[in-house]
Amino acid sequence: MASRKALINVHRIIRSTAVVRGISVTPSPAHPLFQNGGARFFCGNTSSPQKFDIDLSNEEKKRITINRLLYRSKQRGFLELDLVLGNWVEENVNSMDENTVKSLIHVLDLENPDLWKWLTAQEQPPEIVSSNPVFLALHKKVMTNLNKHAAPETRAAAGQPWVKGWDDFKRGRDAPISGNQ
């Protein structure tokens with residue numbers, strides 16, 4: 001209940017008119033925070049992805065672009081993707097041209113759960129994603145590692161979730177059928 005009140009108060013403060021140094025300031029609806037009802041602020045993976053300027057014209061701007069790509073690939077908040085994407089980008093970012101960087105940005109703008117399911121072949125990716133050269137390279141690396149370290153028969157069938165609970169065995173009449181429910 002307290003968190004709901006806090007959110008309402010924050011919303012009122014943001015939407016209210018503020019007075020700064022005697023000048024009345026009202027937040028503009030065109031401000032990026034308020035686009036798409038504020039959802040863009042909490043998730044960069046919306047229908048209008050974050051603007052990312054690609055400038056590889058000189059060494060300093062190239063270094064800045066590379067650092068931004070590394071940060072976005074290593075700090076997604078989904079541990080498995082942080083490791084897979086971060087390592088892959090770290091290995092390949094220095095040899096990327098502008099088109100490959102654009103393809104990488106498209107992959108980075110995808111939602112975490114969907115991207116993970118597509119990379120691990122739990123679900124079929126959409127055509128636009130499966131034709132992306134960066135996605136194809138990542139998918140190949142992930143599947144190679146999976147096949148090297150885990151036999152296909154030990155993984156769930158396509159379309160089925162992989163993760164199950166630690167107590168998957170049905171123990172008695174009232175026990176859950178699967179998972180740790």
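Refer to the preceding data block for the structure.
The following refers to the structure shown. Everything quoted here is computed from the prediction, not taken from an experiment.

## Some details on the overall build of the chain
A count of helical and extended segments in the chain gives eight helices and two strands. Along its sequence from the N terminus, the chain presents helices and strands in the succession α-β-β-α-α-α-α-α-α-α. Taking all 181 residues of the chain together, the buried fraction comes to 28%. Considering only intrachain contacts with a sequence separation of at least 6, the fraction spanning at least 24 residues in the chain is 43%. Accessible area for the chain stands at about 12,700 Å²; split by element, carbon and sulfur atoms hold 56% of it.

## Overview of the nonpolar core
In this structure, Leu 104, Leu 115 and Leu 138 are the most contacted members of the largest nonpolar core, which totals 27 residues. At the level of secondary structure, the elements contributing two or more residues to this core comprise helix 3 (59-74), helix 4 (79-92), helix 5 (98-108), helix 6 (112-119) and helix 8 (133-149). Top element by residues in this core is helix 8. It accounts for six residues. For Leu 104, the residues in contact, after removing those within four places along its chain, are Leu 69, Trp 88, Val 89, Met 96 and Val 134.

## So, the packing of aromatic side chains
According to the stated counting rule, one finds one aromatic pair in the structure shown. Relative to Trp 116, the ring of Phe 78 lies with its centre 6.2 Å away and its plane at 45°, an arrangement referred to as tilted. In this pair, Phe 78 is assigned in the loop between helix 3 and helix 4 and Trp 116 in helix 6, connecting sequence segments 38 residues apart. Since its relative accessible area comes to 22%, Phe 78 is described here as partly exposed. When its relative accessible area of 17% is taken as the criterion, Trp 116 is described as buried.

## Some remarks on the side chain of Ser 73
Along the polypeptide, Ser 73 turns up in helix 3. Judged by relative accessible area, which is 0%, Ser 73 ranks as buried. Polar side-chain contacts of Ser 73 include one of 2.9 Å to the backbone oxygen of Leu 70. Leave out the neighbours within four places in its chain, and Ser 73 touches Leu 81, Asp 82, Leu 85, Gly 86, Val 89 and Leu 108.

## Focus: the pattern of salt bridges
Inspection of every chain in the model, using the stated rule, returns six salt bridges. Lys 102 is the salt-bridge partner of Glu 98, the closest N and O atoms lying 3.8 Å from each other. Here Glu 98 and its partner Lys 102 are both found in helix 5, four residues apart, which amounts to about one turn of the helix. According to the relative accessible area criterion, Glu 98 is partly exposed, its value standing at 40%. Judged by relative accessible area, Lys 102 falls into the partly exposed class, the value being 43%. A salt bridge links Lys 117 to Glu 123, with the nearest nitrogen and oxygen atoms 3.9 Å apart. For Lys 117, a relative accessible area of 31% translates into the label partly exposed. Assessed through its relative accessible area of 34%, Glu 123 is described here as partly exposed.

What counts as what
- Residues numbered from 1 in each chain as written.
- Predicted model: local features only at pLDDT ≥ 70, side-chain atom pairs only at ≥ 80, totals over all residues.
- Heavy atoms only, no water.
- Helix = DSSP H or I, 4+ residues; strand = E, 2+ residues; numbered from the N terminus.
- Buried < 20%, exposed > 50% of the residue type's maximum accessible area, 1.4 Å probe, protein only.
- Contact = heavy atoms within 4.5 Å.
- Areas by Shrake-Rupley, 256 points an atom, 1.4 Å probe, with all protein chains shown as cover.
- Core = buried A, V, L, I, M, F, W, Y, C linked by side-chain atoms within 4.5 Å.
- Phe/Tyr/Trp six-rings, centres within 6.5 Å; stacked < 30°, edge-to-face > 60°.
- Polar contact = N/O pair within 3.5 Å; in protein donor to acceptor, adjacent residues only side chain to side chain.
- Salt bridge = Lys/Arg side-chain N within 4 Å of Asp/Glu carboxyl O.

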